[in-house]
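# Coordinate inspection notes
Here is what each chain is made of, one letter per residue.
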Amino acid sequence: MDKPKKETKITRRSVLRDGVRSFFVLSMGGASGYLVSRVQAEDYVWQIDPHKCISCGNCASHCVLEESASKCVQSYPMCGYCKLCTGFFNAAPSALDTGAENQLCPTGAIIRTFVEDPYFDYTIDESLCIGCAKCVKWCEAFGNASLYLQVRHDRCLNCNECSIALACPADAFVRVPKSKPYRLKIENKPE
Amino acid sequence: MNIMARIIPVLILLASLSGWAQDVQRFPPPDFESGYTFPMTQTPAPRGVVMSYVDIAVLFAALSLASYFSIHKRNRQGVFYLTIFSLLYFGFYREGCICAIGAIQNVTLALFDPNYSLPLAAVAFFLLPLFFTLFFGRVFCAGVCPLGAIQDLVLIKPMQVPRWLHQALGMLTYVYFGAAVLFAAMGSAFIICKYDPFVSFFRLTGSITVVTLGVCLLIIGMFIGRPYCLYLCPYSVLLKAFGQFSQWRVTVGPGGDCVQCDSCEDACPFNAITKPTPDDAPPPSEVDKKRLVLFSVLAPVVILVAAWAGSFSATPFSQMDYTVRLAERIALEDAGAVEGFIDASQSFRDSGQPAAPLFESARRIREQYVWGGWILGAFLGFVIALKLIWHSVQQTRIAYEADRSDCLACGRCYCSCPLERKRLKQLKSASFV
Ligand code: SF4
Ligand code: SF4
Ligand code: SF4
Ligand code: SF4
Ligand code: SF4
């Protein structure tokens with residue numbers, strides 16, 4: 001006895017069962033047709049609308065990943081390259097140098113590089129950034145708001161429902177098409 | 001350098017006085033003389049679209065294999081290896097997302113929100129297991145579902161749950177299902193994702209509540225077969241309904257033969273084996289018939305009462321909705337009942353939107369929750385009524401059988417059956433000839 005055999009006895013119950021099954025198969029066919037028609041050509045992913053984000057800090061603590069997928073990015077053409085960067089230095093730096101006690105970032109994720117007098121370039125080391133938005137807040141308050149948060153898609157799992165989106169008080173999480181997965185403040189120019 | 005310490009507070013003061021707006025270029029970007037060019041903002045790409053087709057193909061292959069092992073080959077070992085594979089692929093590699101159970105919500109939301117764009121993977125994960133169930137029974141649960149897999153593998157010392165308790169706890173799945181569909185339809189929350197107890201194992205990270213829930217379930221699951229599957233899983237509501245009409249199914253003995261030794265009843269850790277009706281069972285007595293009539297007449301009453309009771313869920317349930325929560329907070333703040341702002345109310349106020357439309361949409365959502373509560377209640381009442389009627393209809397069974405809707409097609413019962421063991425022995429000796 002290898003083959004599964006169909007229940008051979010024909011009873012009222014089995015006829016009913018066959019009938020209902022056929023009905024289910026047909027209606028499932030219809031349902032699949034409808035649902036597939038609701039699928040759009042493109043998949044969507046989660047992203048932060050930087051103009052809505054209020055730098056609340058929830059990004060750092062609410063991602064399903066231990067180290068949030070939301071991280072700070074720098075919009076270089078917007079940056080003032082300030083010597084006194086309010087996103088980099090805390091409110092009372094003892095010196096304008098890279099001493100850890102002067103930095104605002106809790107993990108030292110911002111790299112400050114001298115460009116030319118009196119300008120400095122500020123770059124985020126994403127392996128260190130935890131997405132706490134401290135620098136974002138202060139850059140926005142006193143600088144050019146060139147630092148902002150974005151969901152980094154090399155890390156994000158694209159959860160069915162993003163748990164930061166649920167916790168975001170500013171409703172800043174949006175779904176964007178996969179082919180255009182970032183909401184940059186200034187679009188990258190095509191090379 | 002102390003001068004800096006003085007400059008910054010002044011800046012802060014200035015900023016707060018002038019109320020600078022967002023994205024104002026306070027310091028124009030410099031004209032560099034050293035030939036410095038602006039670096040580009042890096043934009044690492046998301047996982048390729050093509051991978052979701054791979055997932056769907058793997059799902060289809062796994063379902064086919066599960067049907068082959070569990071129904072055609074009657075091979076528990078095959079099911080077991082498939083379980084491990086599914087745990088590794090859908091669990092640890094795909095990190096448990098997207099899954100068939102969660103896809104209920106995507107499908108529901110798509111039905112209620114015309115603007116929602118449904119992911120193809122969600123459609124496939126929702127429909128494929130149901131199609132397979134119509135033909136082969138719950139083979140998805142047997143060896144494909146990663147949530148089932150992780151529980152199946154920790155089950156080391158199964159104990160039987162008393163049948164009445166098993167039945168009563170089983171009602172939870174309907175409540176969970178109904179609530180999840182309601183929240184998804186309202187666009188308020190995906191609670192199945194939020195409280196997925198095992199996803200934190202798959203991702204090896206997660207919130208403390210969910211990890212605790214998962215650990216508890218796994219510990220219980222060492223002794224009680226698949227507690228999430230039996231008493232919580234919302235998808236099982238659909239699988240049970242579809243399984244009831246499946247074309248083929250697990251038969252304990254080969255070809256459904258049975259010597260009534262009752263060893264399979266102990267072998268099944270999921271309470272899925274039904275006893276044969278005794279040969280000398282009396283024909284449906286007058287009392288039974290009366291009970292059936294009574295339950296059928298009572299059914300509309302049960303449904304109505306349950307629906308009415310369900311409408312009371314509106315107040316707590318509407319709290320799941322962001323708009324409702326925000327509106328209530330703003331109202332409290334306006335009334336002076338609470339002090340200060342929270343982030344959400346602050347950002348709402350900063351946006352300068354008037355409160356009236358917010359209150360209006362919150363009121364509308366609350367109203368919809370009242371309707372939703374009635375429907376949810378009626379659905380639960382309907383399930384209760386159906387169960388009562390079902391149990392009062394006498395069925396004649398001539399053998400120990402795997403129940404169509406409760407059997408998870410895991411294949412544990414096969415080898416407990418003496419007829420099956422005989423068949424295997426014959427097969428083996430045949431292959432030596
Ligand atoms: S949770 Fe929202 S508001 Fe808070 S930092 Fe993240 S994106 Fe910004
Ligand atoms: S301050 Fe926070 S958001 Fe900014 S770079 Fe550091 S860790 Fe990232
Ligand atoms: S979708 Fe998931 S992984 Fe991505 S940011 Fe949101 S919670 Fe984190
Ligand atoms: S009952 Fe639910 S959780 Fe369990 S295996 Fe089936 S679908 Fe998965
Ligand atoms: S295959 Fe057998 S042991 Fe497994 S759930 Fe079904 S009846 Fe129980």
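In what follows, the accompanying structure is described. Quantities reported herein were computed from a predicted structural model and do not represent experimental measurements. (Residues numbered from 1 in each chain as written. Chains lettered and ligands numbered in written order. Predicted model: local features only at pLDDT ≥ 70, side-chain atom pairs only at ≥ 80, totals over all residues. Heavy atoms only, no water.)

What follows is about the site of ligand 3. Around ligand 3 sit Trp46, Cys63, Val64, Leu65, Ala69, Cys156, Leu157, Cys159, Cys162, Ser163 and Ile164 of chain A, and that is every residue in its neighbourhood. Tallied by class, the residues present in the shell around ligand 3 amount to ten nonpolar, one polar and no charged. (Near = heavy atom within 4 Å. Nonpolar A, V, L, I, M, F, W, Y, C, P; charged D, E, K, R; others polar.)

Turning next to the nonpolar core. Ile101, Phe126, Phe140 and Tyr235 of chain B are the most contacted members of the largest nonpolar core, which has 108 residues in total. For this core, the leading source of residues is helix α5 (residues 120-136) of chain B, giving eleven residues. Not counting the four nearest positions on each side in its chain, Phe126 of chain B is found in contact with Leu35 of chain A together with Ala103, Ile104, Val107, Tyr235 and Leu238 of chain B. Cys59, Cys72, Phe89 and Phe120 of chain A belong to the second largest nonpolar core, which has 37 residues in total. (Core = buried A, V, L, I, M, F, W, Y, C linked by side-chain atoms within 4.5 Å. Buried < 20%, exposed > 50% of the residue type's maximum accessible area, 1.4 Å probe, protein only. Helix = DSSP H or I, 4+ residues; strand = E, 2+ residues; numbered from the N terminus. Contact = heavy atoms within 4.5 Å.)

Residue and element names in this part refer to chain B. A cluster of nonpolar side chains, namely Leu304, Trp308, Phe312, Val370, Trp374 and Ile375, defines an oily patch on the protein surface of about 650 Å² accessible area. When contributions to the nonpolar patch are tallied by element, the ones reaching two or more residues are α15 (286-310) and α19 (355-392). Sort the elements by how many residues they give to the nonpolar patch and α19 lands first, with three residues. As for its placement among the helices and strands, Trp308 is situated in helix α15. (Patch = residues over 30% accessible without salt bridge, like charges linked within 9 Å, V, L, I, M, F, W, Y side chains within 5 Å. Areas by Shrake-Rupley, 256 points an atom, 1.4 Å probe, with all protein chains shown as cover. Salt bridge = Lys/Arg side-chain N within 4 Å of Asp/Glu carboxyl O.)

Glancing now at the site of ligand 5. Around ligand 5, 13 residues are found, and the nearest of them are Cys268, Cys407, Cys410, Gly411 and Cys413 of chain B. For the shell around ligand 5, the class distribution of residues is eleven nonpolar, one polar and one charged.

Time to look at the packing of helix α1 (residues 12-38) of chain A against α5 of chain B. Here α1 of chain A crosses α5 of chain B at 170°, and the two axes come no closer than 11 Å. Accordingly, the angle class assigned to the pair α1 of chain A and α5 of chain B is roughly antiparallel. The two elements α1 of chain A and α5 of chain B cross, and the hand of that crossing is left-handed. Between α1 of chain A, through Arg21, Phe24, Val25, Met28, Gly29, Ser32, Leu35 and Val36 of chain A, and α5 of chain B, the contact on the second element is made entirely by Val123, Phe126, Leu127, Leu130, Phe131, Leu134 and Phe135 of chain B. Here the contact of α1 of chain A with α5 of chain B is built from residues that sort into twelve nonpolar, two polar and one charged. (Axes fitted to C-alpha atoms, helices over the stretch in contact; angles between N-to-C directions. Parallel < 35°, antiparallel > 145°, perpendicular 65-115°, else oblique. Left-handed = near helix turned anticlockwise from the far one by under 90°.)

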